[in-house]
Amino acid sequence: MSCRTVVFISGRGSNLKALLANQRHFSVECVLSNREDAAGLMFADAQGIPTFTAPRDAFNSVREQKSALYKKTEELQPDLILLAGYMQIIDADFIHQYENRILNIHPSLLPAFPGLEPHRKAIESGAQDHGCTVHLVTPEVDSGPLLAQMSCEIRQEETEDSLASRVLELEHQLYPWVVNAIAGKELIYHADGRLESSDALKKEATERKITIAP
Ligand code: GRF
């Protein structure tokens, strides 16, 4: 049976598009957003994917707004929740409820440069490499167990924009690949923190220049 996912977005939605285009072992049941103007919602609509929005100004408090998103998610009973450019802190209670079943993509080689402006921080740090990471979500932002990464060189004369666009291309390869690997049970995160991957997946990762976390 296919793995049912929901995707949380707040903006552009290019990772959402990559996920929608690569649903092999998983399906996207709904796209949820805290912003009505998230461009990704229009794309999901056009693809016939159900959407749900809970914008802040439609509720008396952030707490009520978040509760609406959580309640909708619970109704959908997803196997996995995929954060794709979701720009709102998710409460610890909700994260614990879906422990090890919420994934996020972050545009840096975590644990380097968590939080905002990772590309600028990477260039300014003088690092030679940069990239993106798919990780499990824990209450501390961008700090959960790493699943896989893709990297690229930081070039001479690199700008934030040039680096961001190269990393984004990697993101679009990495995120669907990881979700398919988990959904297809070729990548398994065990409760004791061990990450198990099949030999076939390891081989494929090498071919695609993907690093599975140790
Ligand atoms: C991506 O860079 C993602 O890694 C980060 O937010 C950005 C979202 O972009 N978390 P998009 O909305 O998927 O185009």
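This structure is a prediction, so every number in the text was calculated from the model and none was measured.

## A word on the domain arrangement of the protein
Partitioning the protein into domains gives domain 1 (1-88) and domain 2 (104-214). Of note, the centres of domain 1 and domain 2, computed from C-alpha atoms alone, are 21 Å apart. Contact with domain 1, which involves 16 residues of that partner, is made by 14 residues of domain 2. At the boundary of domain 1 with domain 2, total buried surface from both sides reaches about 1,300 Å², with 66% on carbon and sulfur atoms. Joining domain 1 to domain 2, the criterion identifies zero salt bridges. Our count for the contact surface shared by domain 1 and domain 2 stands at six residue pairs in polar contact (both at pLDDT 80 or more).

## Details of the packing of helix 1 (residues 14-21) against helix 6 (residues 160-183)
In a pair of packed helices, the angle between the axes and the distance between the axes together describe the arrangement. Between helix 1 and helix 6, the shortest axis-to-axis distance is 9 Å and the interhelical angle comes to 45°. The orientation of helix 1 with respect to helix 6, classified from their angle, is oblique. Our pair here, helix 1 against helix 6, has a crossing hand that is right-handed. Across the interface between the two elements, Ser14, Asn15, Ala18 and Leu19 from helix 1 touch Leu168, Glu171, His172, Tyr175, Pro176 and Val179 from helix 6. Along the lines of polarity and charge, the residues of the contact of helix 1 with helix 6 split into six nonpolar, three polar and one charged.

About the thresholds
- Residues numbered from 1 in each chain as written.
- Predicted model: local features only at pLDDT ≥ 70, side-chain atom pairs only at ≥ 80, totals over all residues.
- Heavy atoms only, no water.
- Domains from an automatic or database assignment.
- Contact = heavy atoms within 4.5 Å.
- Buried area = accessible area lost by both parts, 1.4 Å probe.
- Salt bridge = Lys/Arg side-chain N within 4 Å of Asp/Glu carboxyl O.
- Polar contact = N/O pair within 3.5 Å; in protein donor to acceptor, adjacent residues only side chain to side chain.
- Axes fitted to C-alpha atoms, helices over the stretch in contact; angles between N-to-C directions.
- Helix = DSSP H or I, 4+ residues; strand = E, 2+ residues; numbered from the N terminus.
- Parallel < 35°, antiparallel > 145°, perpendicular 65-115°, else oblique.
- Left-handed = near helix turned anticlockwise from the far one by under 90°.
- Nonpolar A, V, L, I, M, F, W, Y, C, P; charged D, E, K, R; others polar.

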